[in-house]
Amino acid sequence: MIRKSKQTDLEKIAELMHESFSSEVESNLVRKLFSGEDILVNLVYQSQDQILGNVIISKTKMYPDVGLFCVGVGPLAVRPSHQFKGIGSQLMKAAIIECSNLGVDALFVLGDPNYYKRFSFEVSKISSDYNAANFQELQLKSNCLSDLQAKISYADAFSVV
Ligand SMILES: CC(C)(COP(=O)(O)OP(=O)(O)OC[C@H]1O[C@@H](n2cnc3c(N)ncnc32)[C@H](O)[C@@H]1OP(=O)(O)O)[C@@H](O)C(=O)NCCC(=O)NCCS
């Protein structure tokens, strides 16, 4: 089942990130995000007492501030033993619905377009410090990013990991 994560899930989520990415970068990132105020959506996929997947969506900053409510996806991870069973897709779909309910105008993600295109993400033309080929957007408010001259950056936690 998918549920909102709690502060007490932090250690299990950090362990999941470490296992899924084979690195401490994402587990450290999760700790920083949990200790800050930038998380908007944080969902886990739980089976019995095990956390098998997690997606975090956090606030972004846009320069200039054009009044859009934009958020960044990440990290998204599923425990290696349970990948390719649809858990990542279920988490992403639930997170997108949650964002829509919260009035988000657009989501951004840095990741493989071959994965995120299934959720209708497209390579973004918005300026950022991230790899342009892998930086993607999903407009929930139609055309809100069209012809926009702006630069976007993720929450501070992402720049200090
Ligand atoms: C990427 C990830 C979250 C996907 O979750 P999942 O539950 O395994 O994925 P799903 O079962 O929902 O979807 C499986 C599909 O995604 C594809 N897929 C899985 N990982 C992928 C990746 N890294 N890049 C591209 N496609 C990927 C599979 O080929 C499969 O495609 P198909 O539906 O055409 O057969 C998971 O594999 C993971 O945690 N990977 C390690 C961490 C990571 O890379 N996170 C993403 C950072 S942007």
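Located above this text is the structure these notes cover.
Residues numbered from 1 in each chain as written. Predicted model: local features only at pLDDT ≥ 70, side-chain atom pairs only at ≥ 80, totals over all residues.

Asker: Tell me what's going on with the sheet that holds strand β3 (residues 50-59), and back it up with residues and numbers.
Answerer: Spatial ordering of the open sheet is given by β1-β2-β3-β5-β6-β8-β7, a layout of 7 strands whose pairing is mixed. Edge positions in the open sheet fall to β1 (2-4) and β7 (122-123), since each of these has one partner strand only. Each of β2 (39-47), β3 and β5 (70-78) touches helix α1 (residues 10-21); the most contacted strand, β5, lies at about 75 degrees to it. (Pairing = 2+ DSSP bridges. Helix = DSSP H or I, 4+ residues; strand = E, 2+ residues; numbered from the N terminus. Contact = placed C-beta atoms within 7 Å. Axes fitted to C-alpha atoms, helices over the stretch in contact; angles between N-to-C directions.)

Asker: Before we move on, could you go through the packing of α1 against helix α2 (residues 25-35) and cite the residues and values that matter?
Answerer: Two elements in contact, α1 and α2, have axes separated by 7 Å at closest approach and are oriented at 155 degrees. Considering the angle they form, α1 stands roughly antiparallel to α2. Here α1 runs over α2; the crossing is right-handed. Within the contact between the two elements, α1 uses L10, I13, A14, M17, H18 and F21 and α2 uses V25, E26, S27, V30, R31 and F34. Per-class residue counts for the contact of α1 with α2 are 8 nonpolar, 2 polar and 2 charged. (Parallel < 35°, antiparallel > 145°, perpendicular 65-115°, else oblique. Left-handed = near helix turned anticlockwise from the far one by under 90°. Nonpolar A, V, L, I, M, F, W, Y, C, P; charged D, E, K, R; others polar.)

Asker: Pulling in residues and values, what's your account of the pairing of β3?
Answerer: Burial analysis of β3 places 7 of its 10 residues in the buried class, which makes it a mostly covered element. Examined bridge by bridge, β2 and β3 share 8 bridges and lie antiparallel to one another. Among the inter-strand pairings, N42 is bridged to a residue of β3, identified as I56. A loop of 2 residues connects β2 with β3, the two strands running antiparallel in sequence, and Q48 in this loop sits at a positive phi of about 50 degrees. (Buried ≥ 20, exposed ≤ 12 C-beta atoms within 10 Å, placed from the backbone.)

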